[in-house]
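Structural characterization, general
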Amino acid sequence: MKYAPFFGCMISVKYPQMEASVRKTMANLGVELVDLEGFSCCPDPIYFKAADKLTWMTLAARNICIAEEAGLDLVTMCSGCTATLSEANFHLKHDPELKEKVNQRLKKIGKEYKGNVSVRHIVTVLRDDLGIEKVKSSVKKPLNLKVAIHYGCHLLKPSEIMRVDDPDHPTILERLFEVAGAETIKHEKQVLCCGKACTHEEIPEKMTYDVLSSIKKSGADFMGLICPTCFDEFDLGQINLSRKFSVDLKVPIIYYFQFLGLSQGLSPEDVGLHLHKTKADEMLKKIS
Amino acid sequence: MKLVNFKFRHKLNTIIGGEAHNFCYQCGACVGDCPAALYSPAFNPRNILLEALLGDEESLVGPDSVIWDCTNCNTCYERCPQAVRPVEVIIALKNISFEKGTNPPGVKSILDSVKESGRTVKTSSLSDRRRKELGLKEISIVPLEELKKLLE
Ligand code: SF4
Ligand code: SF4
Ligand code: SF4
Ligand code: SF4
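Before going into details, it helps to say that this report is about the structure given with it. Everything quoted here is computed from the prediction, not taken from an experiment. (Residues numbered from 1 in each chain as written. Chains lettered and ligands numbered in written order. Predicted model: local features only at pLDDT ≥ 70, side-chain atom pairs only at ≥ 80, totals over all residues. Heavy atoms only, no water.)

Some points on the site of ligand 2
- Looking at ligand 2, the residues that line it are A:His150, A:Gly152, A:Cys153, A:His154, A:Cys193, A:Cys194, A:Thr229 and A:Cys230.
- Across the shell around ligand 2, the residue classes break down as 4 nonpolar, 4 polar and no charged. (Near = heavy atom within 4 Å. Nonpolar A, V, L, I, M, F, W, Y, C, P; charged D, E, K, R; others polar.)

Written out as structure tokens, the structure is:
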């Protein structure tokens, strides 16, 4: 099984511990990640798209062309990159006029979008290509911890484009955390987003605060997620919130592949937990 | 009574790519689960759609437009029974606002960062060191010349 990984800027620059965890866990599962040269930012599905949609689509198409030239499907590890690249791929495949427009632009750099590869969030590779049982077989040390899952928005919606899971009743992350030993805990603000894209900062602050408080109340040991941007809002963001509202939230935020890595026998340092702003010490004590 | 601004409506249609939003029948299904509407009383996707149908340029793409409170969560895209894709209407409005220069500064700085470095998050000596400590390869280089040609 071979894929071209697209790590994106948040992971490769700001949270390389996620890249390290993906690489190590996927190697343990026998998946080959073939690194391709020349990717740029996906680009960002919020601000870049808000500025100029056609240029956004063109840069996304350029990234997809690189995978097409190598004949490999793209796998993404950030919900934002997944959103941009899936959406561009979807519209370019379905709208010949748009494809023509974008290819006119790509001609300037000698590229042409053809439409013959797929874009996949890496969790769908685990569920659909490897299978949950295979993931389970790589687990050496099931981690008996309670997880509150944060799906975020862009992994699931719009479902006609993303095609990852039922957007209102998803199960994919529950199943993946459970095979690594975790118990999944429901909480009130399960489907709320973080509000990152709002320009008035009180809104994302309130939203992230509400999500974290709801998790705190649920009794979960940590928040489990699959996107570096959501992570940024809840890990780093939590420090600012604790200061601002004089509360001690202390909800560790763990990226799925870090958790899988721990269950495969990697150390907390191997998966970079020491780099998190909200420390996971309490949680780690329970499994040591 | 206000007159419909058809010129603005036409422009909006061109960016959205289609006329689906003309079929909005103001049912409000997009409002119920909208997180921005829940947290910002001034924000309401149904109202935005009504203003878009009327072509209320001043309110929608002016400097204080409420469109920038949308979180881009795509829930309205799921809920709308008329396939209007309200979030895409909002994004098209943002494109027009950007063209007019009435956008919040954050939008421009992301664009500039991609122009300068090919990324929205720039590399630094700290990020290079972290990658090394984690046993990762040096970060790959973005061919900026190629990007420049596409961005001009
Ligand atoms: S979605 Fe965000 S992290 Fe991913 S490449 Fe785009 S800007 Fe970077
Ligand atoms: S929770 Fe925030 S960062 Fe995550 S997908 Fe939703 S808006 Fe984006
Ligand atoms: S955009 Fe769709 S959901 Fe919202 S009011 Fe119009 S028809 Fe109803
Ligand atoms: S994307 Fe739609 S549902 Fe989400 S905040 Fe914006 S208007 Fe509301």
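Brief notes about the packing of helix 8 (residues 105-117) of chain B against helix 10 (residues 144-151) of chain B
Residues and elements named next belong to chain B.
- At their nearest, the axes of helix 8 and helix 10 sit 8 Å apart, and the two run at 135° to each other. In terms of their interaxial angle, helix 8 and helix 10 are classed as oblique. Taken together, the residues of helix 10 that come into contact with helix 8 (itself represented by Val114, Lys115, Glu116 and Ser117) are Leu144, Leu147 and Leu151.
- Residue composition of the contact of helix 8 with helix 10, by class: 4 nonpolar, 1 polar and 2 charged. (Axes fitted to C-alpha atoms, helices over the stretch in contact; angles between N-to-C directions. Helix = DSSP H or I, 4+ residues; strand = E, 2+ residues; numbered from the N terminus. Parallel < 35°, antiparallel > 145°, perpendicular 65-115°, else oblique. Contact = heavy atoms within 4.5 Å.)

Some details on the pattern of salt bridges
Residue and element names in this part refer to chain A.
- In this structure the tally under the stated criterion is 28 salt bridges over all chains.
- In this structure, Lys186 and Glu174 form a salt bridge, with 3.6 Å as the shortest nitrogen-oxygen distance. Of this pair, Lys186 sits in the loop between strand 6 (183-184) and helix 11 (202-218) while Glu174 sits in helix 10 (residues 172-179), and the two are 12 residues apart along the sequence.
- The closest approach of N and O atoms between Asp248 and Lys250, which form a salt bridge, is 3.3 Å.
- Residue classification places Asp248 among the exposed positions, given a relative accessible area of 52%.
- Judged by relative accessible area, Lys250 falls into the exposed class, the value being 55%. (Salt bridge = Lys/Arg side-chain N within 4 Å of Asp/Glu carboxyl O. Buried < 20%, exposed > 50% of the residue type's maximum accessible area, 1.4 Å probe, protein only.)

Examining the state of the cysteines
All names here are of chain A.
- Inspection of the entire model under this criterion finds 0 disulfides over all chains.
- The thiol of Cys227 is unpaired, and the distance to the nearest cysteine sulfur, on Cys230, comes to 3.8 Å.
- A relative accessible area of 2% places Cys227 in the buried class. (Disulfide = S-S within 2.5 Å.)

Observations regarding the site of ligand 4
All names here are of chain B.
- Taken together, 14 residues lie around ligand 4, and Cys34, Cys70, Thr71, Cys73 and Cys76 are the ones closest in.
- Counting residues per element, the ones that place at least two in the shell around ligand 4 are helix 3 (35-39), helix 6 (75-79) and helix 7 (86-100).
- Residues belonging to the shell around ligand 4 are distributed by class as follows: 10 nonpolar, 4 polar and no charged.

Some points on the sheet that holds strand 2 (residues 32-33) of chain A
All names here are of chain A.
- Read across the sheet, 4 strands follow the order 2-1-3-4 without closing on themselves; strand pairing throughout is parallel. At either end of the open sheet lies a strand with only one pairing partner, and these are strand 2 and strand 4 (119-121).
- For strand 3 (residues 74-76) and strand 4, the ladder comprises 3 bridges, and the chain directions are parallel. Note on strand 4: the bridge partner recorded for Thr76 is His121. (Pairing = 2+ DSSP bridges.)

The values reported here are purely geometric and, on their own, carry no functional implication.
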